[in-house]
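Listed below are the residues making up each chain.
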There are 2 protein chains.
Amino acid sequence: MSTDPPRTDVTRLADKQRHDRSTLDQLLDSSRVCHVGVVVDGGPVVLPTAFARDGDRLLLHGSTGSPWMRVVAEGAAISVAVTGLDGIVVARSAFESSLHYRSAVLFGTASPLAGDAKTRALDLLTDALIPGRVSEVRRPTSRELAATLVLALPIERWSLKVSDSWPEDEPDDVAGPAWAGVVPLTETTGVARAAPDLRRGVAVPASVRRMTPRD
Amino acid sequence: MSTDPPRTDVTRLADKQRHDRSTLDQLLDSSRVCHVGVVVDGGPVVLPTAFARDGDRLLLHGSTGSPWMRVVAEGAAISVAVTGLDGIVVARSAFESSLHYRSAVLFGTASPLAGDAKTRALDLLTDALIPGRVSEVRRPTSRELAATLVLALPIERWSLKVSDSWPEDEPDDVAGPAWAGVVPLTETTGVARAAPDLRRGVAVPASVRRMTPRD
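In this report, we go over the structure that sits alongside the text.

**Brief notes about the overall build of chain A**
Link 1 in the chain: Each helix and strand in chain A was counted, giving 7 helices and 11 strands.
Link 2 in the chain: Against the compact-globule benchmark of 17 Å for 215 residues, chain A has a radius of gyration of 22 Å, which places it well outside the compact range.
Link 3 in the chain: If you line up chain A on its principal axes, its C-alpha atoms span 65 × 50 × 30 Å.
Link 4 in the chain: In chain A, which comprises 215 residues, the proportion classed as buried is 38%.

**Observations regarding the relation of the copies chain B and chain A**
Link 1 in the chain: For these two chains of identical sequence, chain B goes onto chain A by a turn of 180° and a shift of 0.0 Å along the axis, with RMSD 0.0 Å. Here the transformation between the copies is reduced to the relation of a two-fold axis. Closest approach to the rotation axis within chain B is made by the C-alpha atom of Glu 187 of chain B, at a distance of 2.3 Å.
Link 2 in the chain: When the interface residues of chain B are mapped onto chain A, 100% of them again lie at the interface, so the same face is used by both copies.

**Thoughts on the nonpolar core**
In a soluble, globular protein the nonpolar side chains are often hidden away together inside.
Link 1 in the chain: One finds Val 80 and Val 90 of chain A together with Val 80 and Val 90 of chain B to be the most contacted residues of the largest nonpolar core, which totals 110 residues.
Link 2 in the chain: In contact with Val 90 of chain B, other than residues within four places in its own chain, are Ile 130 and Val 208 of chain A together with Ser 97, Pro 167, Trp 179, Ala 180, Gly 181, Val 182 and Val 183 of chain B.

**Here we look at helix H4 (residues 115-129) of chain B**
Link 1 in the chain: When the terminal C-alpha atoms of H4 of chain B are compared, their 22 Å separation across 15 residues agrees well with the 21 Å that a helix rising 1.5 Å per residue should span.
Link 2 in the chain: As for H4 of chain B, its buried residues are in contact with strand E5 (78-90) of chain A together with strand E3 (43-54), strand E4 (57-63), helix H5 (142-146) and strand E8 (148-154) of chain B.

**Let's talk about the environment of Val 80 of chain B**
Link 1 in the chain: As for its position among the elements, Val 80 of chain B is in strand E5 (residues 78-90).
Link 2 in the chain: Measuring from C-alpha to C-alpha, the distance between Val 80 of chain B and Leu 106 of chain B comes to 5.0 Å, with 26 residues separating the pair along the chain.
Link 3 in the chain: Every residue in contact with Val 80 of chain B, bar those within four places of it in the chain, is listed here: Val 46 of chain A together with Cys 34, Val 36, Leu 58, Leu 106 and Leu 153 of chain B.

**Description of the interface of chain B and chain A**
Link 1 in the chain: Of the residues lining the interface, 82 residues belong to chain B; the matching set on chain A comes to 82 residues.
Link 2 in the chain: Examining the composition of the side of chain B that touches chain A, we find that 9 residues originate from one element, strand E10 (residues 181-189) of chain B, more than from any other.
Link 3 in the chain: A per-class count over the side of chain B that touches chain A returns 51 nonpolar, 19 polar and 12 charged.
Link 4 in the chain: Bridge analysis of strand E11 (residues 193-194) of chain A against E10 of chain B gives 2 bridges, and the strand direction is antiparallel.

**A few points about the pairing of E4 of chain B**
All names here are of chain B.
Link 1 in the chain: Of all the 7 residues making up E4, 5 are buried; the element is thus mostly covered by neighbouring parts of the structure.
Link 2 in the chain: Where E3 and E4 come together, 4 bridges link them in antiparallel fashion. Opposite Asp 54, over in E4, you have Arg 57 as the bridge partner.
Link 3 in the chain: In this sheet, E8 lies alongside E4 in antiparallel orientation, the contact comprising 7 bridges.

**Section: the pairing of strand E9 (residues 157-163) of chain B**
Residues and elements named next belong to chain B.
Link 1 in the chain: Sheet analysis places strand E1 (residues 17-18) next to E9, joined by 2 bridges and oriented antiparallel. Pairing of Gln 17 across the sheet is with Lys 161, part of E9.
Link 2 in the chain: Looking at chain direction, strand E6 (residues 98-108) and E9 are connected through 7 bridges and run antiparallel. Residue Phe 107 lies in a different strand from E9, and its bridge partner there is Arg 157.

Conventions used here
- Residues numbered from 1 in each chain as written.
- Chains lettered and ligands numbered in written order.
- Predicted model: local features only at pLDDT ≥ 70, side-chain atom pairs only at ≥ 80, totals over all residues.
- Helix = DSSP H or I, 4+ residues; strand = E, 2+ residues; numbered from the N terminus.
- Rg over C-alpha atoms; globule rule 2.2 N^0.38 Å.
- Buried ≥ 20, exposed ≤ 12 C-beta atoms within 10 Å, placed from the backbone.
- Least-squares fit on C-alpha atoms with pLDDT ≥ 70 in both.
- Contact = placed C-beta atoms within 7 Å.
- Core = buried A, V, L, I, M, F, W, Y, C linked by C-beta atoms within 7 Å.
- Expected span 1.5 Å × (residues − 1).
- Nonpolar A, V, L, I, M, F, W, Y, C, P; charged D, E, K, R; others polar.
- Pairing = 2+ DSSP bridges.

The following block contains the structure:
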C-alpha cells in the first residue's frame, strides 16, 4: 500500500466504518445465519449457525452433543460474523470491482441460558427463523429442551462496515471505454412446498403465507 | 441428547455428512463470499471475503494493508466456511424447524502468490465475481498488483454437510394439526444500475447482461 496516497486509504476505510447501533441491529435482524469462530485445540474453527437478536444480546443455539457449542458454552472467546450481500460493484477496472455488503463482527464470550430464560430464547430463535411460528406449534418438550444448548452473547464489542458506494474508478478509467455500475443482489423466498407426509386438509399457516410470494 | 435413541442421532448426522468433491466444488463455485477464521493475539477473528476456486485450491485476496490478511499470509492456521442457504424447514414443532443448507469448512494454511501466478489468480477472482469481466477491462497496473495480497489455500482438509430433507417430525406431531414443509430461498440479481458518472453511450457489457434479468 506504500505506493497509494495514504489519505485516500484512510478516507476509504473511514467511509465504510459505521458506529450506529441501528444499522447493526437492522443487519442482525434481517440475517438468518451467523458464522461463529472459536479456537479449538489451538486452531481456529468457523461454523455457521442460526441466531436471533434479543435487545442487547445475540442468541445462539445448538445440540448439547455439538463439541464446538460445548467449548463456547464453557466460556471460550468467540468472534461472530454477520454478513449481508447487497450487490456486485462492477467497476471499470478489476481492481475497483467488489461487493456491496454490510458486515458486522462481534467479539466476546457467550453464557448458557437455563429455565424460563432458555425457553423464551428458543421462542425468539424460532420466531426469528419463521416469524409468528411459535404461536402455531406446540410447546417444546422437556426432552427437547434438555437436548438443546442456548447461549447469549452480549452485543458490546463489535465493528460494522458498510459498502454501498458507486465504483470509485480513477479519472483515466472514468474517461475510458468500460461500463460501471451495480448489480443488486437480494434473497428471495419461493412458493412453499408441503411435506409429502402432510395430513390432508392442513392449510398453509399464516407464518408461511407471510414469508412467501402470492400466487 | 442422552434421552434420544442413539441410532437416530447417528443416522441424522451421517445423513448430512458428504464426502464427494463434486458437491463441495459445486458449493464453492456458486458462492460469492467465504468466512475466514484466524487466531489473532490468542483470540478468534472471523471475517468475510470474496474467493474463487482454482482446481484444488481456494484463492483469497485482500489489501496488503489488512492486518488479518498479513497474519494469514505469514502462515497462520485458518478455517474457511462457505455456506449456501437453500430453504427454511418449517416443521410441525419448533425443535425440528431448521434450514436447508450446504456448509463446507476447510482447514489449512494459505500461501501468498507472486508474479504470473498472482496475476492469473486475480483474473480468476474477478471472473468468479463477474463471469467474463476480465476480457472487458484493462489489465491490472503494477501499483494495483503491489497493493493486493493473493493467497492460495489447498483444498485438502475439509468437511461438508448438506441439509436437504423434509421435516423429520415425531409420529405424534405428524398426526397433529400443524403444517410442515419447506420455503425455498434463492439469491436473485436485479436490474443493473449504471454509475452516475458513466459516460454517455457506454453500453451494458455482456458480463453484466448475463447476470441480470431481461426486462
